[in-house]
Amino acid sequence: MNFARLNHLLIPTTREDRDAWRRGWVARLVRPLVWPYYAFSEEGRVLSLLCLFIGTASGEVGRTHVYLLWAILLGLLLASLVVRRAFALTKVQVQVSAPARVAVGKPITFRVTLVNEDDRPHAAVRIRAPFLPWDGRWLGAEPRFSLIEPGEAVHGEVQARFVARGHHHLDPFHACALVPLGMAVGPSLESGGCRFVVV
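Per-chain numbering applies: the sequence of each chain, read as written, is numbered from 1 onward. Per-residue local features are limited, in this predicted model, to residues with pLDDT of at least 70; the limit for side-chain atom pairs, both in listing and counting, is 80 or more; totals at the level of whole chains, interfaces and linings are taken over all residues. To obtain the side-chain values, all non-hydrogen atoms of the structure were included, while hydrogens and water were left out.

### A few points about the pairing of strand β7 (residues 153-162)
(1) Moving on: Side chains Val154, Gly156, Val158, Ala160 and Phe162 project from β7 onto a buried face, and the interleaved Ala153, His155, Glu157, Gln159 and Arg161 project onto a face without burial.
(2) Moving on: Should DSSP find at least two bridges between two strands, the strands are regarded as paired. Put simply, DSSP marks the helices as runs of H or I at least four residues long and the strands as runs of E at least two long, and each gets a number from the N terminus on. With 9 bridges connecting them, strand β3 (residues 107-116) and β7 associate as antiparallel partners. Paired with Phe110 across the strands is Val158, a residue of β7.
(3) Moving on: Here strand β5 (residues 136-139) pairs with β7 via 4 bridges, running antiparallel. Along β7, the bridge assignment pairs Gly136 with Phe162. Burial here depends on accessible area, computed with a 1.4 Å probe over protein chains only, as a share of the maximum for the residue type. Under 20% is buried, over 50% is exposed, and the range in between is partly exposed.

Here it is in structure tokens:
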């Protein structure tokens, strides 16, 4: 029995079907609930879980002062979400390229290029790779860029491995800038989709 395929049973296999599902009423209903997950950085997600546990431990304000720590952490998280719009990547192009075909089980390299056409630099830019189909697995970390100067083009690579033959069409890669204190990211930019064949 293929447990990897069972884990993706409810996820459409083609890009067109996934886009249609995102436009459906279920996705519109769920989107406000999962929005904080994508708005927070990886560090912010860990801190939000920690804040949740601290909040439950600080229920009795008469016996403990832990609620002060909870209030400070919650304030920092909410402030990061409020200012994240100011850290949008403006006039930045996101491009992804990959080989047209790859052998089954062999790594495929996705080259992510960011071109800053703005007249100001962008700092602490992160790349978020898309969710892979059941037969794929990311190898290594996603690229990060500490600074992209005006007019500069930077490149990063991320690898994946696929164990099933056939046509693959991945969802877009996303680029976003880290908000100060590192708890949230600004609005993300999308690349185009990426097509290749596993042979």
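### Details of the nonpolar core
(1) Moving on: Phe110, Leu114, Phe162, Phe173 and Phe196 are the most contacted members of the largest nonpolar core, which has 26 residues in total.
(2) Moving on: Residue contacts are defined here by distance: any two heavy atoms, one from each residue, within 4.5 Å place the two residues in contact. Those residues in contact with Leu114 that sit more than four places away from it in its chain are Val92, Gln93, Val94, Val125, Ile127, Phe145, Ile148, Glu152, Ala153, Val154 and Ala175.
(3) Moving on: Grouped together as the second largest cluster of nonpolar side chains are 11 residues, Leu47, Ile54, Leu77 and Leu81 included. Nine residue types can take part in a nonpolar core, namely buried Ala, Val, Leu, Ile, Met, Phe, Trp, Tyr and Cys, and a core is a set of them joined through side-chain atoms within 4.5 Å.

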